[in-house]
Amino acid sequence: MSARQRHIAHLHLHAGLTEAQYGDIIELVSGVTPHVQAIPPGAVQLDLTSALRYFDLSPYDMVQMTMMRLKGLYGIDSSAGLAGNRMLAAMAADTAAPGETTWVPAERAADWLHPRPVTALPGIGRATAETLSRYGLHTIGQITDLPSATLQRLLGAGQARLLAERARGHDPRPVTPSEPAEHLIADLVLERDCLDPAQHHRAVLGLAEQIGQRLRGEGRIASRLTLTVRYADRSSSTRTRALPEPTDHSPALAATALGLLTSLGLQRARVRAYAIRADGLLPDENAYWQLSLDPGDARARAAEVAADRARRRFGPQAVQPATLAD
């Protein structure tokens with residue numbers, strides 16, 4: 001007996017939502033199907049497969065009904081992708097204009113993918129795209145037509161296998177019902193006001209490192225960071241930025257956090273406290289990791305795993321970045 005065909009919808013919400021509003025959205029779409037996965041801050045995925053018989057509607061009409069509910073009850077415009085798995089649904093949603101739905105039926109998935117640029121696949125970074133481009137590989141169809149041995153020589157066995165699976169539209173991940181994003185906070189309150197830019201840098205770097213350690217310890221990744229700086233006069237400044245991709249990798253977190261610090265332009269500000277908040281938390285097994293041709297990235301992640309192991313055995317201060325060493 002063949003497996004039942006899945007129907008996955010990916011909705012982009014074209015609105016700036018608070019956490020409470022996002023929670024309301026999750027509750028609303030859960031009335032369509034219980035199989036809802038939050039993808040904060042502005043998207044949601046639904047597995048409509050089991051709900052089709054109940055509503056006696058086609059998958060496309062189910063998506064339209066959901067979008068109408070969002071518009072009618074909350075005034076939120078949305079665009080949607082509909083396909084047989086999560087990856088294809090998200091890719092389809094990226095091509096849909098506000099108020100529209102791109103439907104990629106299973107029997108048309110290969111034809112739909114074939115002419116699309118290879119960079120449309122999740123996890124394809126600039127370095128990988130440039131390597132493929134040097135060999136004349138620009139579209140997804142060219143990847144699927146390439147012998148696997150050739151692709152392995154270009155990218156290595158692991159990356160080649162992953163890219164080939166994505167190029168063929170394969171994605172076995174289920175839609176996992178989850179609550180709206182939780183958050184993690186790391187903060188530092190100083191004993192006296194600080195005017196030194198180097199100390200601002202050091203403080204924010206240390207907080208980003210704490211967030212990374214906690215994320216990895218809990219098996220989660222973050223999608224967004226918020227930096228709050230409180231001054232001696234009790235006023236404060238806050239900046240928020242989405243991460244380039246959800247991650248638990250401390251250097252990536254630190255780069256975003258330090259970018260937020262730079263955007264504040266503190267100069268001679270008298271700072272009393274710092275706080276970093278990580279939002280949009282997801283289980284790390286749900287993440288797409290960007291394919292990388294840089295061996296240094298793999299070594300950095302391996303070193304991070306070893307450092308975390310040492311901290312668990314010898315304490316949190318056993319290993320730390322050189323910048324934070326006394």
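Residues numbered from 1 in each chain as written. Predicted model: local features only at pLDDT ≥ 70, side-chain atom pairs only at ≥ 80, totals over all residues. Heavy atoms only, no water.

Engineer: I keep staring at the pairing of strand 2 (residues 36-39) and nothing clicks. Help me out?
Structural biologist: The side-chain alternation of strand 2 yields two buried faces, one formed by V36 and A38 and the other by Q37 and I39. In this sheet, strand 3 (residues 43-47) lies alongside strand 2 in antiparallel orientation, the contact comprising 4 bridges. When the bridges of strand 3 are listed, I39 appears paired with A43. What sits between the antiparallel neighbours strand 2 and strand 3 is a turn of 3 residues. (Buried < 20%, exposed > 50% of the residue type's maximum accessible area, 1.4 Å probe, protein only. Helix = DSSP H or I, 4+ residues; strand = E, 2+ residues; numbered from the N terminus. Pairing = 2+ DSSP bridges.)

Engineer: Is there a simple way to think about the environment of G99 in this case?
Structural biologist: Here G99 is to be found in the loop between helix 4 (86-94) and strand 5 (101-103). Using a relative accessible area of 49% as the deciding quantity, one classes G99 as partly exposed. Distance from G99 to K71, taken between C-alpha atoms, is 9.4 Å for residues 28 residues apart in sequence. Ignoring sequence-local partners within four residues, the contact set of G99 consists of M67, S78 and S79. (Contact = heavy atoms within 4.5 Å.)

Engineer: Sorry, what's going on with the pairing of strand 7 (residues 220-231) here?
Structural biologist: On any regular strand, side chains alternate: one points to one face of the sheet, the next to the other face. In terms of burial, strand 7 is largely enclosed, as 10 of its 12 residues are buried. The sheet contact formed by strand 7 and strand 10 (residues 282-283) spans 2 bridges and is antiparallel. Each residue of the ladder has a partner; that of R220, found in strand 10, is P283. In the sheet, strand 7 pairs with strand 8 (residues 236-247) via 8 bridges, with the strands oriented antiparallel.

Engineer: Help me understand the packing of aromatic side chains in this model?
Structural biologist: Aromatic rings considered in pairs are described by the distance between their centres and by the relative angle of their planes. Summed over all chains, the structure comprises 2 aromatic pairs. Ring centres 5.0 Å apart and planes at 85° place the aromatic pair Y54 and F55 in the edge-to-face group. When the ring of Y60 is compared with that of W103, the centres are 6.1 Å apart and the planes differ by 20°; the resulting orientation is stacked. Of the two residues, Y60 is situated in helix 3 (residues 59-74) and W103 in strand 5; the sequence distance between them amounts to 43 residues. Taking the relative accessible area as the measure of exposure, W103 reaches 32% and is therefore partly exposed. (Phe/Tyr/Trp six-rings, centres within 6.5 Å; stacked < 30°, edge-to-face > 60°.)

Engineer: Hey, could you run me through the environment of S30 in this one?
Structural biologist: Positionally, S30 belongs in the loop between helix 1 (19-29) and strand 2. For S30, a relative accessible area of 34% puts it in the partly exposed group. As for S30 and L46, which are separated by 16 residues in sequence, their C-alpha atoms are 8.5 Å apart.

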